[in-house]
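# A closer look at the structure
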Amino acid sequence: MPIRYIPYDKVPVKGQAILNNITRSQRLLSYKDNDKVYERIIRGIPYYELKELEQVGEKSENLVIRGECLSACAYLKEQNIKIDLVYIDPPFASGADYAKKVYIRKNPALAEKIKKAEQKMDMEELVAFEEKMYGDIWSKEDYLNWMYENLMAIKEVMSDTASIYVHLDWHIGHYVKILMDEVFGEENFRNEIVWHYQSGGRQENLFSKKHDNIYFYSKSDKWIFNSDDVGELRGSEKRNNMKKEFDENGRAFVSIKSNGKIYKYYEDELITPADVWNISHIQQKDPQRVDYATQKPNSLLERIIKASSNKGMIVADFFGGSGVTAKVANDLGRRFIHCDIGINSIQTVRDRLKEAKADFKILEVQDGLNLFRNPIQTMDKLASLIDGLNTKKPEGINSFWFGTITNSKYGTIPVYAPDLRDSTKKVLDIVAINEVINKEIHNFDTFNGEVKKVIIYYVDIIDIDEIEKFIKDNNQTLIEVELKDLKQVLDFVVVDDKVEFNLNEDGLFYEVEIESFYSDRLKQKIDEYNSKQALKANGSYISISENGLELVEYISLDCTNDSGAWQSDSEIKIDKNGFVSIDGTKTKEFWNGKISSNTKPKRLKIRNIAGDEIIVIIN
Ligand SMILES: C[S@@+](CC[C@H](N)C(=O)[O-])C[C@H]1O[C@@H](n2cnc3c(N)ncnc32)[C@H](O)[C@@H]1O
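A short tour of the structure in this document, coming up. (Residues numbered from 1 in each chain as written. Predicted model: local features only at pLDDT ≥ 70, side-chain atom pairs only at ≥ 80, totals over all residues. Heavy atoms only, no water.)

### So, the overall build of the protein chain
Within the protein chain, the regular secondary structure consists of 14 helices and 34 strands. Counting across all 619 residues of the protein chain, residues that qualify as buried make up 52%. Here the analysis covers contacts within the protein chain between residues at least 6 apart in sequence; of these, 72% occur between residues at least 24 apart. Here the protein chain has roughly 30,200 Å² of accessible surface; of this, 47% comes from carbon and sulfur atoms. (Helix = DSSP H or I, 4+ residues; strand = E, 2+ residues; numbered from the N terminus. Buried < 20%, exposed > 50% of the residue type's maximum accessible area, 1.4 Å probe, protein only. Contact = heavy atoms within 4.5 Å. Areas by Shrake-Rupley, 256 points an atom, 1.4 Å probe, with all protein chains shown as cover.)

### Re the site of the ligand
Taken together, 19 residues sit near the ligand, with Asp 89, Tyr 292, Lys 296, Ser 322 and Asp 340 positioned nearest. Within the contact set of the ligand, an oxygen atom lies 2.6 Å away from a side-chain nitrogen or oxygen of Tyr 292. At 3.4 Å, a backbone N or O of Ile 341 approaches a nitrogen atom of the ligand. Here the ligand, which alone exposes 600 Å², has 97% of that area covered by the protein. (Near = heavy atom within 4 Å. Polar contact = N/O pair within 3.5 Å; in protein donor to acceptor, adjacent residues only side chain to side chain.)

### Concerning the packing of aromatic side chains
Given two aromatic rings, their pairing is described by the distance between the two centres and the angle made by the two planes. The full count for this structure, using the stated rule, is 12 aromatic pairs. Taking 6.1 Å as the distance between ring centres and 40 degrees as the angle between the ring planes, the aromatic pair formed by Phe 184 and Tyr 217 counts as tilted. With a gap of 33 residues between them, Phe 184 in helix H6 (residues 173-184) and Tyr 217 in strand S10 (residues 211-218) connect regions that are remote in the sequence. Take Phe 184 and Tyr 217: they sit in the same class, and that class is buried. Among the aromatic residues, those joined into a cluster by ring pairs are Tyr 143, Trp 146 and Phe 319. Here the basic side chain of Lys 177 rests over the ring of Phe 189, its NZ or CZ set 4.5 Å away from the ring centre. (Phe/Tyr/Trp six-rings, centres within 6.5 Å; stacked < 30°, edge-to-face > 60°. Lys NZ or Arg CZ within 6 Å of the ring centre and 35° of its normal.)

### Quick look at empty space enclosed by the protein
Counting across every chain of the model gives 2 cavities of 30 Å³ or more. By volume, the largest cavity amounts to about 160 Å³. As for the largest cavity, its lining consists of 14 residues, and the residues nearest its centre are Pro 46, Leu 70, Glu 149, Ser 423 and Val 427. Here the lining of the largest cavity is composed, by residue class, of 5 nonpolar, 4 polar and 5 charged. (1 Å grid on protein atoms, 1.4 Å probe; cavity = no way out; pocket = protein on both sides within 12 Å on 5 of 7 lines; lining within 4 Å. Points joined across faces, edges and corners; volume = space filled by probe spheres on them. Nonpolar A, V, L, I, M, F, W, Y, C, P; charged D, E, K, R; others polar.)

### What to know about the packing of helix H11 (residues 430-438) against helix H12 (residues 464-474)
In helix packing, the relevant descriptors are the interaxial angle and the interaxial distance, both defined with respect to the helix axes. Where H11 meets H12, the axes come as close as 10 Å, and the angle between the chain directions of the two elements is 30 degrees. Here H12 runs roughly parallel to H11, going by the angle between their axes. Remark: the crossing between H11 and H12 carries right-handed chirality. Residues Ile 430, Ile 433, Asn 434, Ile 437 and Asn 438 of H11 pack against Glu 466, Ile 467, Phe 470, Ile 471 and Asn 474 of H12. (Axes fitted to C-alpha atoms, helices over the stretch in contact; angles between N-to-C directions. Parallel < 35°, antiparallel > 145°, perpendicular 65-115°, else oblique. Left-handed = near helix turned anticlockwise from the far one by under 90°.)

### With respect to unusual backbone geometry
Although it is not a glycine, Asn 80 sits at a positive phi angle of roughly 60 degrees. Within the secondary structure, Asn 80 is located in the loop between helix H3 (69-78) and strand S5 (83-88). Even without being a glycine, Asp 583 presents a positive backbone phi close to 45 degrees. Tracing the backbone shows Asp 583 in the loop between strand S30 (579-582) and strand S31 (585-590).

### A few points about the sheet that holds strand S13 (residues 252-258)
Read across the sheet, 3 strands follow the order S12-S13-S14 without closing on themselves; strand pairing throughout is antiparallel. Both edges of this open sheet fall to strand S12 (245-246) and strand S14 (261-266), since each of them pairs with a single strand only. By the bridge criterion, 6 bridges tie S13 to S14 in an arrangement that is antiparallel. Bridging across to S14, Phe 253 finds its partner in Tyr 266. (Pairing = 2+ DSSP bridges.)

### Side note on the packing of H3 against helix H5 (residues 140-156)
Closest axis-to-axis distance for the H3/H5 pair is 9 Å, and the angle between their directions is 20 degrees. One element, H3, and the other, H5, form an angle in the roughly parallel class. Where H3 crosses over H5, the two elements pack in a sense that is left-handed. Between H3 and H5, the residues in contact are Cys 69, Leu 70, Cys 73 and Lys 77 and Glu 149, Asn 150, Ala 153, Ile 154 and Glu 156, respectively.

### What about the sheet that holds strand S20 (residues 403-407)?
Sheet strands associate in pairs through backbone hydrogen bonding, adopting either a parallel or an antiparallel arrangement. Reading across the sheet, the 4 strands line up as S20-S21-S23-S25 and stay open at both edges, with mixed pairing between neighbours. The open sheet terminates on both sides in strands that have one partner only, identified here as S20 and strand S25 (480-485). Strand-to-strand twist in this sheet, taken as the mean axis angle between neighbours without regard to direction, amounts to 25 degrees. Across 6 bridges, strand S23 (residues 453-458) lies against S25 in parallel orientation. Across the sheet, the residue bridging to Val 454 is Val 481, located in S25.

### Observations concerning a negative patch on the surface
A cluster of acidic residues, Asp 463, Asp 465, Glu 466 and Glu 468, forms a negative patch on the protein surface. Tracing the sequence through the fold places Glu 466 in helix H12. (Patch = residues over 30% accessible without salt bridge, like charges linked within 9 Å, V, L, I, M, F, W, Y side chains within 5 Å. Salt bridge = Lys/Arg side-chain N within 4 Å of Asp/Glu carboxyl O. Lys, Arg positive; Asp, Glu negative; His and termini not counted. Charge placed at Lys NZ, Arg CZ, Asp CG, Glu CD.)

### Some words on the pairing of S20
With 5 bridges joining them, S20 and strand S21 (residues 411-416) adopt antiparallel strand pairing. Its bridge partner lying in S21, Asn 407 is registered against Gly 411.

### Topic: the nonpolar core
If you look at the biggest cluster of nonpolar residues, it comprises 52 residues, and the most contacted ones within it are Ile 65, Leu 151, Ile 154, Ile 164, Val 176, Met 180 and Phe 318. By residue number, the principal contributor to this core is H5, which donates 9 residues. Excluding anything up to four places from it in sequence, Ile 154 contacts Cys 69, Cys 73, Val 86, Ile 88, Ile 164 and Phe 318. (Core = buried A, V, L, I, M, F, W, Y, C linked by side-chain atoms within 4.5 Å.)

Next up, the structure:
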């Protein structure tokens, strides 16, 4: 349960998406489940405790938060932290799953040989498999309800002169713009920016889709816009094919006569950019690339941050991904808040900001959900954790149900589990249970076996006694409804990796030498990959040496704390080509299987190539 609900300052009129013009809103914007969002807005933003995971560099106000956008907003509101600029690039409802390529590193012994032979490694030689990062699969109604709540919560933490940029595309952008009109006010709409790029394929039977939409709104009629900082040269744009002229100083211009006056447009003049931006996607070999599937280019964020914030102001991205917003904000002397639900995002931005020598704190929302890396991978694992669950449902058991369990006493038991990718499904309340008992269990009439019982898993429940009483009073069938806590199942979702190491000391410094590293989960993934390759004519296999050091991506020593927040006093990151960064500085060295520190290390942290971390105490 959240510790409490933080009320919204302003609650919209019931019915959601009510624009000033009621007729229009009723025709266009009344869609399925609107009223459920309304209930949640009335309840407030769920506030969970946050735990400090790590302090990187000096103490500062910069934050990296692992958790949902809503929880981060509740925390900021609680702390009275106001944001000056928000950029979000939320899932697009594109119907796609995004995956991360996981690269096997060079084994230290082999790396040494390669170094001697001065052999250059080519990207193509890298062996990799994929891990799902996040899913983008929603029904339109679910997506809009989810987005509405997020926008409402974000608005709560924006300063009075703040701006918000919401990055979407043709899939859902036009619907979200209507929500934004409602949440921020049509009068606060500033621009619809078209980000135009060339990458991607071409279609033959329609115009190729080559742009995203970025909706720019301000919180009020006062907003920051530094046109001088984003000015671009007018260049040799010719109006109506007018002739270029030169003034006495040789400056080129075109002139236009209007109402008896002559206006000169100089080529070397800075002008405010238009709302169509030609910025290319990040190329394969671009150094800013961090291998995050949906990473946006720095230059896109540079323009937004320079235009809509000043130095020292707070810039937040609640769907931070690769950390482009935080990185650019830091480079431009702004403070930053990065939030994301996935562990890969948090690790990527952490390492990126460490390299940029930024100071920040990493917090984790304690919402009781022991996620395995991210919601989508947790959902994939969930089925195997519920005893006897079969996700292939017999005919008559619809998609509301996660799967079924068969047992001799009850026969087929439909099982519901909330979709962890959609935060609006997390809380089991009267509205949700009402849907089960007054709608879903009546659908079993079409099922040609008899359902005697259903199991409903929940992550959070408003009040279990109240829900049970509601079931008792309202269930008009003989079907038993059993409620179960999903958190107890998820306690078994993470199985720790194992490491063996030696601590050597030579009086001047300490050296931890990794003897072996074993990850059961990665082993299974690699076995799965190899068996798929075996079916191909020229399959390329992944083989891991006995000590397993190819599976290590990052290693860190904490010489300060033996419990609580992590303090990285020494760290090594091995990139996909095998080169190491030492304390955030890139080198052309290969990893030798060791890490050293000047003082005695108290704890060792190891991150595997898929992002799972373990911490062990050094005695
Ligand atoms: C399109 S990506 C953002 C990419 C980012 N702009 C960049 O340039 O790297 C969307 C991100 O939202 C995160 N996400 C999805 N649902 C979320 C939620 N409810 N709260 C916070 N982050 C979420 C995903 O993990 C993913 O990293």
